[in-house]
Amino acid sequence: MAEEKKDSVWSQYSDAEKAELEKLATGYKAFLSQCKTERESAAEAVRQAEAAGYRNLLDVIEKGEKLKPGDKVYAVNMKKAVVLFHIGDEPLEKGLTILGAHIDTCRLDVKQNPLYENGGLAYLDTHYYGGIKKYQWVTLPLAMHGVVAKKDGSVVEICIGEEEKDPVFCVTDLLIHLSQEQMKKTGAKVVEGEKLDVLVGNYPLKEKDKESVKAGVLKLIQDKYGIEEDDFLSAELVLVPAGKARDLGFDRSMILAYGQDDRVCAYTSLVAMLEMDHPRRTACCLLVDKEEIGSVGATGMQSHFFENVCAELMNACGVYSELGLRRMLANSKMLSSDVSSAYDALYAESYDKKNVAYLGRGMVFNKFTGARGKSGSNDANAEYLGEIRRIMDKHDVHFQLAELGKVDLGGGGTIAYIMSLYGMQVIDSGVGVMSMHAPWEATSKIDIYETKKGYMAFLQEA
């Protein structure tokens, strides 16, 4: 059959390679378990970068130092996006090699006026973030992550539900015995957005007082965190699936976890960047926010953060000019490090089997994404894809070419089309994911390892 033309990579690995694979998977699972928001992911990226010898670009600028080949710097955007640079030997005008991924994920955001009581129960009102099947988010144990910024300028960090002793939260669902009318609705309507409120309390502070359960919740959070109800106005709190990333399957060949789109590519990009040797061209790892809602806002790819930091980098190297900056961006080459849909035999009718990614068959390249007639896509040119094939073959990286699914069923996008506006070469690449955008997503360990290998090869050769 046509879909069998690429064999599973597992049978081709030595014991030593499998040991390296498990080492990467262990670090990745820890990253997924500890970093469930873009703030947490950015902070961890900075921690690992500093441990690998990277310095804050702002410190370099303030000290008036001049960067030179071999220097490693990073910059942070509003604690939600990070960019790393490893200065190469070639002039910056010759362009960068860029790995660009996103670190935001689908979730439930707590609204600014969220806490209310109804029927002796306290709830938090939420607004879902990103493209989700809303019915997948009911009756799951949820953890709360985020920050509360108070009027005095202090910021309180919140993480509740990840430790075994912690309470968790949930969105309730209608019992099956009374669901006759609910079950007649389409999947898009069976659970609606305004029904995704999170249950947070039932214990009344004083039995006869009005909204005593809400008052009890407020007292608890005030006693523990010093947070008052008005402080929700300046809070960024999210509800995500509680629990750690786990091995999946009898053979432990896969990983089941929340937020693998796109932290699987963010993590492998970061590791590749930190492990690479001194580069010929300046290497860059870019981890951004807001991709799941269109890459908008000051921390999304559509902002000028990356361009501004590139200007600062050139200036710190003593070579800044507006024309030089334009040349550097146009001459750059990029892998838009994002996930692709992986074939699911239970829903075979949704895929073109000749042009879909399969778990266990290596790194995935998507020449284009977009929807239906390639709307919203970056469509990489043939010459660039030929160069990518040469690099992957030279470094013995197992890879596959894929599309998201059947042409007229829908589609998706990445940050590739935004970066292509500079005139640089860009192609989508990453890991195949099953159950994408669900609370728990599945990946293959061997695809993760091959993708890290592919990212390192690209940084060295492109």
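Residues numbered from 1 in each chain as written. Predicted model: local features only at pLDDT ≥ 70, side-chain atom pairs only at ≥ 80, totals over all residues. Heavy atoms only, no water.

(A) Quick peek at the overall build of the protein chain. In terms of regular secondary structure, the protein chain is built from 10 helices and 22 strands. The C-alpha atoms of the protein chain give 23 Å as radius of gyration, which agrees with the globular expectation for 462 residues (23 Å, within 12%). With the C-alpha coordinates of the protein chain rotated into their principal frame, the extents come out at 75 × 60 × 45 Å. Here the protein chain holds 462 residues, and the buried ones make up 53% of them. Counting only contacts in the protein chain whose residues sit at least 6 apart along the sequence, the fraction spanning at least 24 positions is 76%. Looking at the protein chain as shown, the accessible area adds up to about 21400 Å², and 52% of this sits on carbon and sulfur atoms. Side-chain charges of the protein chain comprise 56 positive and 70 negative groups, with the mean position of each set lying 1 Å from the other. (Helix = DSSP H or I, 4+ residues; strand = E, 2+ residues; numbered from the N terminus. Rg over C-alpha atoms; globule rule 2.2 N^0.38 Å. Buried < 20%, exposed > 50% of the residue type's maximum accessible area, 1.4 Å probe, protein only. Contact = heavy atoms within 4.5 Å. Areas by Shrake-Rupley, 256 points an atom, 1.4 Å probe, with all protein chains shown as cover. Lys, Arg positive; Asp, Glu negative; His and termini not counted. Charge placed at Lys NZ, Arg CZ, Asp CG, Glu CD.)

(B) Examining the sheet that holds strand 8 (residues 155-160) more closely. What the 6 strands build is an open sheet, ordered 8-7-10-5-6-9; its pairing is antiparallel. Two strands close off the open sheet at either side, each with one partner strand: strand 8 and strand 9 (198-201). Averaged over all adjacent pairs, the angle separating strand axes in this sheet is 30°, with direction ignored. Both strand 7 (residues 142-149) and strand 10 (residues 235-241) contribute to a ladder of 7 bridges, which runs antiparallel. When the bridges of strand 10 are listed, G146 appears paired with L237. Against the sheet, helix 4 (residues 212-225) engages strand 5 (107-118), strand 6 (121-129), strand 8 and strand 9, with an angle of about 125° to strand 5. (Pairing = 2+ DSSP bridges. Axes fitted to C-alpha atoms, helices over the stretch in contact; angles between N-to-C directions.)

(C) Representation of the layout of surface pockets within the structure. Here the largest pocket defines a volume of roughly 1400 Å³. Lining of the largest pocket is provided by 48 residues; of these, S341, L404, G411, G412 and M436 occupy positions nearest its centre. Every element with two or more residues in the lining of the largest pocket is listed here: strand 15 (340-341), strand 17 (370-371) and strand 19 (411-412). Split into classes, the residues belonging to the lining of the largest pocket amount to 17 nonpolar, 20 polar and 11 charged. Of the pockets and cavities examined, the second largest pocket occupies roughly 630 Å³. If you trace the second largest pocket, you find 28 residues lining it, with I160, F169, V217, L220 and I221 closest to the centre. Among the elements of the structure, strand 7, strand 8, strand 9 and helix 4 are those that each provide at least two residues to the lining of the second largest pocket. By residue number, the principal contributor to the lining of the second largest pocket is helix 4, which donates 7 residues. (1 Å grid on protein atoms, 1.4 Å probe; cavity = no way out; pocket = protein on both sides within 12 Å on 5 of 7 lines; lining within 4 Å. Points joined across faces, edges and corners; volume = space filled by probe spheres on them. Nonpolar A, V, L, I, M, F, W, Y, C, P; charged D, E, K, R; others polar.)

(D) Just empty space enclosed by the protein, in detail. The tally for this structure, following the rule as stated, stands at 1 cavity of 30 Å³ or more. Computed from the structure, the largest cavity encloses a volume of approximately 50 Å³. Forming the walls of the largest cavity are T105, C106, Y258, G259, D261, H437, A438 and E441. Broken down by class, the residue content of the lining of the largest cavity amounts to 3 nonpolar, 3 polar and 2 charged.

(E) Inspection of the packing of helix 5 (residues 260-275) against helix 10 (residues 445-461) at higher detail. Across the interface, helix 5 lies against helix 10 with an axial gap of 9 Å and an inter-helix angle of 45°. On the basis of the axis angle, helix 5 is oblique to helix 10. The two elements helix 5 and helix 10 meet at a crossing, and its hand is right-handed. Within the contact between the two elements, helix 5 uses V264, C265, T268, S269, V271, A272, M273 and E275 and helix 10 uses I448, T451, K452, Y455, M456 and L459. (Parallel < 35°, antiparallel > 145°, perpendicular 65-115°, else oblique. Left-handed = near helix turned anticlockwise from the far one by under 90°.)

(F) Representation of the sheet that holds strand 13 (residues 283-288) in the model. Spatial strand order, 1-2-3-13-4-14-20-16-18: 9 strands in an open sheet with mixed pairing. Looking at which strands have only one partner, the edges of the open sheet turn out to be strand 1 (55-56) and strand 18 (399-401). Of the pairings in the sheet, the one linking strand 2 (residues 72-77) to strand 3 (residues 81-86) comprises 6 bridges and is antiparallel in character. Within strand 3, the position partnered with K72 by the bridge is H86. This element, helix 2 (residues 38-51), spans strand 2, strand 3 and strand 13 of the sheet and lies at about 20° to strand 3.

(G) Seen up close, a nonpolar patch on the surface. Together, L174, L175 and L178 line one region of the surface with nonpolar side chains, adding up to about 280 Å² of accessible area. For L174, a relative accessible area of 40% corresponds to the partly exposed category. (Patch = residues over 30% accessible without salt bridge, like charges linked within 9 Å, V, L, I, M, F, W, Y side chains within 5 Å. Salt bridge = Lys/Arg side-chain N within 4 Å of Asp/Glu carboxyl O.)

(H) Quick peek at the packing of aromatic side chains. In this structure the tally under the stated criterion is 7 aromatic pairs. With a centroid separation of 5.1 Å and 45° between ring planes, the pair formed by Y343 and Y358 is classed as tilted. Placement of the pair is Y343 in the loop between strand 15 and strand 16 (363-366) and Y358 in the loop between strand 15 and strand 16, with a sequence separation of 15 residues. For the pair formed by Y343 and Y358, the shared burial category is buried. Taken together, Y28, F31 and Y267 form an aromatic cluster joined through their ring pairs. The positively charged end of K224 is found above the aromatic ring belonging to Y225, 5.6 Å away from the centroid. (Phe/Tyr/Trp six-rings, centres within 6.5 Å; stacked < 30°, edge-to-face > 60°. Lys NZ or Arg CZ within 6 Å of the ring centre and 35° of its normal.)

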